[in-house]
Amino acid sequence: MKLFIQIPCLNEEETLPSVLESIPTSIPGIDEIHVLVIDDGSTDRTVEVARAHGVEHVVRHTSNMGLARSFRDGVDYALLHGADIVVNTDGDNQYPQSQITELVQPILEGRADIVIGDRQTRTIEHFSKFKRTMQGLGSWVASRAAGLDLPDAASGFRAYSKYSLIRLNIVTRFSYCMETIVQAGYKRLALTSIPITTNPKTRESRLFSNIWQHMFMSGSAIVRVYLMYRPMALFAWISAVLLAVGLVPFVRYLVLLQVDPGGDHLQSLLLGVLLVITALLSVVIGVVADLTRLNRTLAEEQLDLLKLQRYGD
């Protein structure tokens, strides 16, 4: 059983030593532990520091390509080198590397394909009350979209089985976290969480400039992936709302006919017709999107076969 621990980095020369030094050197059930550093266009000595601490596996980007691409390239490298489990952590030393042992246990025991470290965000001291609330709301939205129950959907401290990584396909550029959750729910992958602690904050996030940008980008990723895999459900809700709203002008029209028989009240009738037509168009768009989803499903099944050939059984 071969474990790869991948660390996406962007100018992490100061914190990377703490991360590397705290990674466990042996885990029951794991025969080999390899550390992989993904340098996402760093301009400091991140790679040199990694090499000095004995890291043999390095993937380098000549420019900053984002967290999602770094994750995807790291996974590709790890699977090509025989990884059975891939753990993703961060180069800013946010996560406790000592808990990697606990993180991989559900996969080793055959109980899960993906394990997410629950940071228990309500207990993190440097999180403001607003941020804690938004983190909880974001996790609830992602859980509903995926059909799962996840306390910390934004956590990047995760373990993936080889099977799950072959089934997942990353298409967004911002972050893979929300996308993989929705895909995991749609593809019926076994996903669980374990409680973890967090280390003291070392720096501000480089993934986003403020909480509002993070909320917008994460929300956009959830909507995009949900639209990719469950379009009919989304457009059915839109159509139902438009139809319900569209009935109101018709009721108003009938009431006005009784109260003022002499008036034509065509504006209510026209508004109602417009909303009903829009509702019907939403259904049509949903059907077309669902047919596209079916084609995507067939294409992803072919992609899974190609990945099996590329990475081995």
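Look a little higher up for the structure.
All of the points below concern the structure found in this document.

Here is what the cut-offs are and how they apply
Residues numbered from 1 in each chain as written. Predicted model: local features only at pLDDT ≥ 70, side-chain atom pairs only at ≥ 80, totals over all residues. Heavy atoms only, no water. Helix = DSSP H or I, 4+ residues; strand = E, 2+ residues; numbered from the N terminus. Buried < 20%, exposed > 50% of the residue type's maximum accessible area, 1.4 Å probe, protein only. Contact = heavy atoms within 4.5 Å. Arc of directions from axis to C-beta. Pairing = 2+ DSSP bridges. Right-handed = clockwise from strand over helix to strand, strands pointing away. Axes fitted to C-alpha atoms, helices over the stretch in contact; angles between N-to-C directions. Parallel < 35°, antiparallel > 145°, perpendicular 65-115°, else oblique. Nonpolar A, V, L, I, M, F, W, Y, C, P; charged D, E, K, R; others polar. Expected span 1.5 Å × (residues − 1). Disulfide = S-S within 2.5 Å. Phe/Tyr/Trp six-rings, centres within 6.5 Å; stacked < 30°, edge-to-face > 60°. Polar contact = N/O pair within 3.5 Å; in protein donor to acceptor, adjacent residues only side chain to side chain.

## Some words on the overall build of the chain
Part 1 of the reasoning: Each helix and strand in the chain was counted, giving 10 helices and 7 strands.
Part 2 of the reasoning: Projecting the C-alpha coordinates of the chain onto the three principal axes gives extents of approximately 90 × 45 × 40 Å.
Part 3 of the reasoning: By the burial criterion, 48% of the 313 residues in the chain qualify as buried.
Part 4 of the reasoning: In the chain, of all internal contacts separated by at least 6 residues, the share reaching a separation of at least 24 is 74%.

## A closer look at helix α4 (residues 100–108)
Part 1 of the reasoning: Listing the buried residues of α4 in full gives Ile100, Leu103, Val104, Pro106 and Ile107. Buried residues of α4 fall within an arc of 145° about the axis and therefore sit on the same side.
Part 2 of the reasoning: The inward-facing, buried residues of α4 contact β1 (2–9), β4 (85–88), β5 (114–118), β6 (158–161) and β7 (191–195).
Part 3 of the reasoning: One or two steps after α4, the chain reaches Gly110, where phi turns positive at roughly 75°.

## Some details on the environment of Arg293
Part 1 of the reasoning: Within the secondary structure layout, Arg293 lies in helix α10 (residues 266–311).
Part 2 of the reasoning: For the pair Arg293 and Met232, spaced 61 residues apart in sequence, the C-alpha separation works out to 9.4 Å.
Part 3 of the reasoning: Aside from chain neighbours lying at most four places away, what touches Arg293 is Tyr186, Met228, Tyr229, Arg230 and Pro231.

## Thoughts on the pairing of β1
The side chains of a regular strand alternate, residue by residue, between the two faces of the sheet.
Part 1 of the reasoning: The element β1 is largely enclosed, with a buried count of 7 among its 8 residues.
Part 2 of the reasoning: Sheet topology places β1 next to strand β2 (residues 32–40); 8 bridges connect them, and they run parallel. Within β2, the residue paired with Cys9 across the bridge is Asp39.
Part 3 of the reasoning: In this view, the connection linking β1 to its parallel neighbour β2 by way of helix α1 (residues 16–21) has right-handed handedness.
Part 4 of the reasoning: Pairing of β1 with β4, which is carried by 4 bridges, proceeds in the parallel orientation. The partner of Ile5 across the bridge, within β4, is Val87.

## Section: the packing of helix α9 (residues 231–259) against α10
Part 1 of the reasoning: Two elements in contact, α9 and α10, have axes whose closest approach is 8 Å; the angle formed by their N-to-C orientations is 170°. Considering their axes alone, α9 and α10 lie roughly antiparallel with respect to each other.
Part 2 of the reasoning: In the contact of α9 with α10, the residues fall into 21 nonpolar, 7 polar and 3 charged.

## Focus: helix α3 (residues 67–80)
Part 1 of the reasoning: Between its first and last C-alpha, α3 extends 20 Å over 14 residues, near the 20 Å set by a 1.5 Å rise per residue.
Part 2 of the reasoning: Within α3, 10 of the 14 residues are buried, which leaves it mostly tucked inside the rest of the structure.
Part 3 of the reasoning: Phi for Gly82, located one or two positions after α3, is positive at around 85°.

## Considering the sheet that holds β1
Through backbone hydrogen bonds, the strands of a sheet pair up, either in parallel or in antiparallel fashion.
Part 1 of the reasoning: If you trace the 7 strands from one edge of the open sheet to the other, you get β3-β2-β1-β4-β6-β5-β7, paired in mixed fashion. The outermost strands of the open sheet, each flanked by one partner alone, are β3 (57–61) and β7. Here the average twist between neighbouring strands, direction ignored, is 20°.

## Concerning the state of the cysteines
Part 1 of the reasoning: Counted under the stated rule, the structure contains 0 disulfides.
Part 2 of the reasoning: Cysteine Cys177 is unpaired, with the sulfur of Cys9 as its nearest cysteine sulfur at 15 Å.
Part 3 of the reasoning: Residue class for Cys177 comes out buried when judged on its relative accessible area of 6%.

## Quick notes on unusual backbone geometry
Part 1 of the reasoning: One non-glycine residue, Asn11, lies in the positive phi region at around 55°.
Part 2 of the reasoning: Positionally, Asn11 belongs in the loop between β1 and α1.
Part 3 of the reasoning: Of note in the backbone geometry, Arg188 takes a positive phi value of approximately 60° without being a glycine.

## Some thoughts on the packing of aromatic side chains
Part 1 of the reasoning: The final tally for this structure, using the stated rule, is 3 aromatic pairs.
Part 2 of the reasoning: Relative to Tyr160, the ring of Phe71 has its centre 5.4 Å away and its plane inclined at 55°; by these criteria the two rings are tilted. Taken together, the residues Phe71 in helix α3 and Tyr160 in strand β6 connect sequence positions 89 residues apart.
Part 3 of the reasoning: Plain terms: the ring middles of Tyr186 and Tyr229 are 4.9 Å apart, the flat faces sit at 45° to each other, and that makes the pair tilted. Taken together, the residues span a long stretch of sequence, with Tyr186 in helix α7 (residues 176–186) and Tyr229 in helix α8 (residues 211–229) at a distance of 43 residues.

## Things to note about the side chain of Ser155
Part 1 of the reasoning: Tracing the chain through its elements places Ser155 in the loop between α5 (129–146) and β6.
Part 2 of the reasoning: Given the relative accessible area of 0%, Ser155 is considered buried.
Part 3 of the reasoning: A distance of 2.6 Å separates a polar atom in the side chain of Ser155 from the backbone oxygen of Gly117.
Part 4 of the reasoning: Ignoring anything within four residues of it in the chain, the contact list for Ser155 reads Tyr95, Ile116, Gly117, Arg119 and Cys177.

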